Amino acid sequence: MDRLPRETLGRILELSTKVDSYESWHGAYTRNANVSSVCRHLREIATSHEPLWSTVLVEFANTWPPLPLIELYLQRSGTLPLHLTLGRMDFDLRKKPASEELQAAYLTHVLPLLCAQVQRWKSLSVGQTIICQAPILQFIQAIPFMNASLLEDVKLYLEDDPDEEGKAISVIGRAPAIKRLKWHSINETGEPAHPNFPWHRLIHLDIAPFLTWRHTFAFVARCTSAITLKIECRLALGGLPRAPVTFHSLRALHLDSTAEAFGVLSRFNCPQLEILVLEIEKWAPESSWKKITTALKELNSPLKFLKIDAPRMPNSLLPKIFVVPRLAGYSTVQISTSRDEEWNEVTQTKLERAVERHLSNKLGLWKLSSGHTLSAGWIDVPGVRALQRRPEFENVQIRMLQELTDEPIRRDFFWPFR
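Residues numbered from 1 in each chain as written. Predicted model: local features only at pLDDT ≥ 70, side-chain atom pairs only at ≥ 80, totals over all residues. Heavy atoms only, no water.

1. Comments concerning the packing of helix α4 (residues 67-76) against helix α5 (residues 100-115)
Step number 1: Look at α4 against α5: their axes get within 11 Å of each other, and the N-to-C directions meet at 10 degrees. Overall, the two elements α4 and α5 adopt an arrangement that is roughly parallel. Residues Leu67, Ile70, Glu71 and Leu74 of α4 lie in contact with α5, whose contacting residues are Tyr106, His109, Val110, Leu113 and Leu114.
Step number 2: Residues that form the contact of α4 with α5 fall into these classes: seven nonpolar, one polar and one charged. (Axes fitted to C-alpha atoms, helices over the stretch in contact; angles between N-to-C directions. Helix = DSSP H or I, 4+ residues; strand = E, 2+ residues; numbered from the N terminus. Parallel < 35°, antiparallel > 145°, perpendicular 65-115°, else oblique. Contact = heavy atoms within 4.5 Å. Nonpolar A, V, L, I, M, F, W, Y, C, P; charged D, E, K, R; others polar.)

2. Considerations on the packing of aromatic side chains
Step number 1: The full count for this structure, using the stated rule, is nine aromatic pairs.
Step number 2: Note on Phe197 and Trp199: the rings are 4.8 Å apart at their centroids and 55 degrees apart in plane angle, and the pair reads as tilted. For the pair Phe197 and Trp199, a shared accessibility class is recorded, and that class is buried.
Step number 3: Ring centres of Phe322 and Trp366 lie 5.2 Å apart, and the angle between their planes is 85 degrees; this geometry places the pair in the edge-to-face category. Of this pair, Phe322 sits in the loop between α11 (318-321) and β13 (332-338) while Trp366 sits in the loop between α12 (345-358) and β14 (367-370), and the two are 44 residues apart along the sequence.
Step number 4: On the basis of relative accessible area, Phe322 is assigned to the buried category, the value being 0%.
Step number 5: In this structure Trp366 comes out as buried when scored by relative accessible area, which is 15%.
Step number 6: Connected via pairs of aromatic rings, a cluster forms that spans Trp183, Phe197, Trp199 and Phe219.
Step number 7: Just above the ring of Trp53 sits the side chain of Arg76; from NZ or CZ to the centre is 4.9 Å. (Phe/Tyr/Trp six-rings, centres within 6.5 Å; stacked < 30°, edge-to-face > 60°. Buried < 20%, exposed > 50% of the residue type's maximum accessible area, 1.4 Å probe, protein only. Lys NZ or Arg CZ within 6 Å of the ring centre and 35° of its normal.)

3. Regarding the nonpolar core
Step number 1: Counting residues in hydrophobic clusters, the biggest one holds 99 residues, and the most contacted among them are Trp121, Phe145, Leu253, Phe268, Phe322 and Leu327.
Step number 2: Ranked by the residues each element gives to this core, the list is headed by α5, at six residues.
Step number 3: Excluding anything up to four places from it in sequence, Trp121 contacts Leu82, Leu84, Leu114, Cys115, Ile143, Phe145, Leu150 and Leu151.
Step number 4: Formed by 14 residues, the second largest nonpolar core is a distinct cluster that contains Ile379, Val381, Val384 and Leu401. (Core = buried A, V, L, I, M, F, W, Y, C linked by side-chain atoms within 4.5 Å.)

4. Observations regarding the pattern of salt bridges
Oppositely charged side chains can form a pair if their charged atoms are brought close together.
Step number 1: One pass over the structure, following the stated rule, counts nine salt bridges.
Step number 2: Residues Arg251 and Glu274 are paired through a salt bridge, measuring 3.7 Å at the closest nitrogen-oxygen approach. Within this pair, whereas Arg251 is found in the loop between β8 (245-246) and β9 (252-257), its partner Glu274 is found in the loop between β10 (268-269) and β11 (275-280), the two being separated by 23 residues in sequence.
Step number 3: The class for Glu274 is buried, based on a relative accessible area of 8%.
Step number 4: Among the charged side chains, a salt-bridge network with shared partners connects Lys122, Glu152, Asp153, Lys155, Lys179 and Arg180. (Salt bridge = Lys/Arg side-chain N within 4 Å of Asp/Glu carboxyl O.)

This is the structure in structure tokens:
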């Protein structure tokens, strides 16, 4: 061990305390402190290797970690950018949370410590559930975000009054360098007023508020510089603008809808779009094959990756989708649905003939998996891996279906709080 370079050993310690599960949050705090007690050599390396101490979690639901440990992390992280998580969405429900008074008192003491280092904040994640009773959004509104000159990435998982959410997002928008926003809300009490937020500066937006498509799209339409968009909406389609909105910089679009996505897709004009993912939980009667094929035909983009996941799509629609000639120009096409009573030898024959007649250049790559889930399409594995390596797609889930390729695909799992 003594022969290893200090930088190499420090990197090994950093990887050994990497956070990738709920339990490892607590373990990372204690391991970082305990490794300093093994021997003098390890202590010198651990205490001087700043990346070990630059990720800070505050769980105000159970008032942890203690203030001295937070102070230790802030001290040993030196001048490195900080990655902060306030609260969690996956709090262990087996643990009894602290009382509302204790949570608020704890946050009252913790927040000044963190705000004193606000100029070092690089990313911020805020998670709030019903067991976290501290008025976290009110505390957020007191943070001097105008001094957070390094803050680029903000994630919000909220369950609060919609107006309070809107105010908090407006305050966060004062951060001069913010580029990425993830806003997931599960409140059902109403719709917030439009936050005064610099939407035009965002290069990535992941939005899942409890809003109608009309209100959701009103936020999205302002993201004129967005490179990647993920939009999840669980309410009815309606009230969308008739004319499509042009997103000149958009490279990846992920639409997650309860019942309708193709009608929303027609409102996007994306001349540079390379990745399109459509997730449709239920199947709306108005999602006819004509609407689907029309949406795909009108998608005038240099698409490289198309994925449609529609568990309740009628199986009889599959042959009709694969008659769109434009699909032949896409490197990867993955369409999956649950198998229903419409799937039989006749439907399968129609599907295979459709591919043979209209997409003959893909016959060598074409695959069909007809188990419990029907999956059809083709995958350009090297092309997909090239997309996955591109920095602008780091917030995009570009996943390949193993059943559509003979190459082994390694599945990666990422901890959502960084």
